[in-house]
Amino acid sequence: MSASREAAANSAGVLPLTTPQLRARIAELPRLRLAHLPTPLDFCPRLTAALGGPRIYIKRDDLTGLAFGGNKTRQLEFLFPGILEQKPDTVIAGAYTQSNWCRQITATAAKLGLKARLILVHGEKGPVPQGNLLLDRLMGAEVTVVDLRDMHDLAPLLAAAGEELRRAGRRPYVIQPFDLEVLATSAIGYVNQAAELDDQLSEAGLKADYIYLAGANITPAGIQLGQKALGRATKVVSICPISWKDDRAADISRIASAAARRLNLPISLEPGEVSVDEGYIGERYGVVTPAGRAALRFVAETEGIILDPVYSAKAMSGLIDHIRRGRIGKNETVVFVHTGGTPAVFAYANELIAD
Ligand SMILES: *Cc1c(COP(=O)(O)O)cnc(C)c1O
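Bear in mind the structure is a predicted one, so any value in this text is a computation, not a measurement.

About the thresholds
- Residues numbered from 1 in each chain as written.
- Predicted model: local features only at pLDDT ≥ 70, side-chain atom pairs only at ≥ 80, totals over all residues.
- Heavy atoms only, no water.
- Helix = DSSP H or I, 4+ residues; strand = E, 2+ residues; numbered from the N terminus.
- Buried < 20%, exposed > 50% of the residue type's maximum accessible area, 1.4 Å probe, protein only.
- Near = heavy atom within 4 Å.
- Polar contact = N/O pair within 3.5 Å; in protein donor to acceptor, adjacent residues only side chain to side chain.
- Areas by Shrake-Rupley, 256 points an atom, 1.4 Å probe, with all protein chains shown as cover.
- 1 Å grid on protein atoms, 1.4 Å probe; cavity = no way out; pocket = protein on both sides within 12 Å on 5 of 7 lines; lining within 4 Å.
- Sits in = over half its atoms within 2 Å of the grid points.
- Points joined across faces, edges and corners; volume = space filled by probe spheres on them.
- Nonpolar A, V, L, I, M, F, W, Y, C, P; charged D, E, K, R; others polar.
- Domains from an automatic or database assignment.
- Contact = heavy atoms within 4.5 Å.
- pLDDT = per-residue confidence, 0-100.
- Expected span 1.5 Å × (residues − 1).
- Core = buried A, V, L, I, M, F, W, Y, C linked by side-chain atoms within 4.5 Å.

**Some remarks on the environment of I255**
By secondary structure assignment, the location of I255 is in helix α10 (residues 248-262). Residue classification places I255 among the buried positions, given a relative accessible area of 0%. C-alpha separation for the pair I255 and S186, spaced 69 residues apart in sequence, amounts to 9.6 Å.

**Section: the site of the ligand**
Around the ligand lies a shell of 16 residues, among which K72, N100, A216, T219 and T339 are the nearest. N100 places a polar side-chain atom, nitrogen or oxygen, 2.8 Å from an oxygen atom of the ligand. The protein chains hide 95% of the 380 Å² of surface that the ligand would expose on its own. Here the ligand is seated within the largest cavity.

**Some remarks on empty space enclosed by the protein**
In the structure shown here, the tally under the stated rule is one cavity of 30 Å³ or more. In this structure, the largest cavity spans a volume of roughly 510 Å³. Forming the boundary of the largest cavity are 28 residues, of which K72, W101, N217, W244 and Y311 lie nearest the centre. Of the residues contributing to the lining of the largest cavity, the split by class is 16 nonpolar, eleven polar and one charged. When residues of the lining of the largest cavity are assigned to domains, at least three fall in each of domain 1 (3-69 + 181-352) and domain 2 (74-178).

**As for the side chain of Q104**
When you line up the elements, Q104 lands in helix α5 (residues 100-112). A polar atom in the side chain of Q104 sits 3.5 Å from the backbone nitrogen of K72. Contacts of Q104, omitting those with residues within four sequence positions, involve L66, G69, G70, N71, K72, T73 and L76.

**With respect to the confidence of the model for the protein chain**
Within the protein chain, residue pLDDT values average 95, and 96% of them lie at 70 or more. Every residue in residues 5-11 scores below 50 in pLDDT, and together they form eleven contacts with partners more than four places removed in sequence or on other chains.

**Some remarks on helix α9 (residues 218-229)**
End to end, α9 covers 16 Å across twelve residues, agreeing with the expected 16 Å (1.5 Å per residue, within 8%). Within α9, eleven of the twelve residues are buried, which leaves the element mostly enclosed by the surrounding structure. Turning to α9, its buried residues are I218, T219, P220, A221, G222, I223, Q224, L225, G226, Q227 and A229. Once α9 finishes, G231 follows within two positions and takes phi at roughly 70°, a positive value.

**Examining the nonpolar core**
Across soluble globular proteins, you tend to see nonpolar side chains buried next to one another. If you look at the biggest cluster of nonpolar residues, it comprises 69 residues, and the most contacted ones within it are Y212, M316 and L319. In terms of residue count, the dominant contributor to this core is helix α12 (residues 312-324) (six residues). Built from parts of two domains, this core gets at least three residues from each of domain 1 (3-69 + 181-352) and domain 2 (74-178). When sequence neighbours within four positions are dropped, the list of residues in contact with L319 reads I56, Y212, I328, V334 and F336. In terms of nonpolar packing, the next biggest core, distinct from the first, is built from 29 residues, I188, V191, L225 and I255 among them.

Laid out in structure tokens, this is it:
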């Protein structure tokens, strides 16, 4: 530990933590191992050269391994122990039909011998048996597709599905996607990722100036809390895939602060510390943008790495735009977190090959 970190640790009693100390805090919480960790940290020399610097690394959370992987696998490692305490026979979850969250929940349920019941909002792709929805079906999920304008109207439908199964003598567990406990518990998976990445960077003798990712709530909250606990100055920039009425920075800071309480860390994250860019959503959530399509093809052609059209490609279009605008120095280092979602490329084939 450097002299300044040592001094700060002494004055605050605990902070900042070393990565073993942070890992020890996390180890006190129940966890179900689901992901193949650590995920690789790949240097992208051709992408870096094509953009004329900064140095770009991709943290491959698309390779967490559970039924095509993605960021939700890390989150579910910490969410599922609380679910299993209730001894359910079925988990009920919901989101859009191309949901990565529901696909990874279904895979976890399958692994544990539980049934998965999904209430999926039609969204852009509806009931087409492709991408994530195809995988949900292959893993045995029972799926209902509904038409809702506002995602927040899903909560009562999930609750009603739970009631119905309970009346039929089953033991359902309803995963409510906007519940603060669900969000904060899941965020621990990304506090853990922050420790993992910090160790990888140290071992490689690197320092990240920026972390870029596609994030709306859980993932940026966990990463920012982890960075703060470790006393890192790395700037975390979340490129938002979705437009919601409530303020993203406020929501992310609220989730991070709740996750800090679970870890017994005397940290709160203020909205002003959170950098969320909502400038790359395009028409709306789930609709391919021309810049996102170009970014997806650019990374595919330069590095042989496949991004997803809904999240990571839009985030990469934001990173590329920030680089072109000179917001990142040529000699700086960026870690781009590939949050997964790759099955969706097959559901979006027509939009992705259109020129
Ligand atoms: C869900 C998801 C995100 C956003 O994660 P949050 O935890 O909601 O911030 C980003 N990328 C992919 C591929 C996702 O599936």
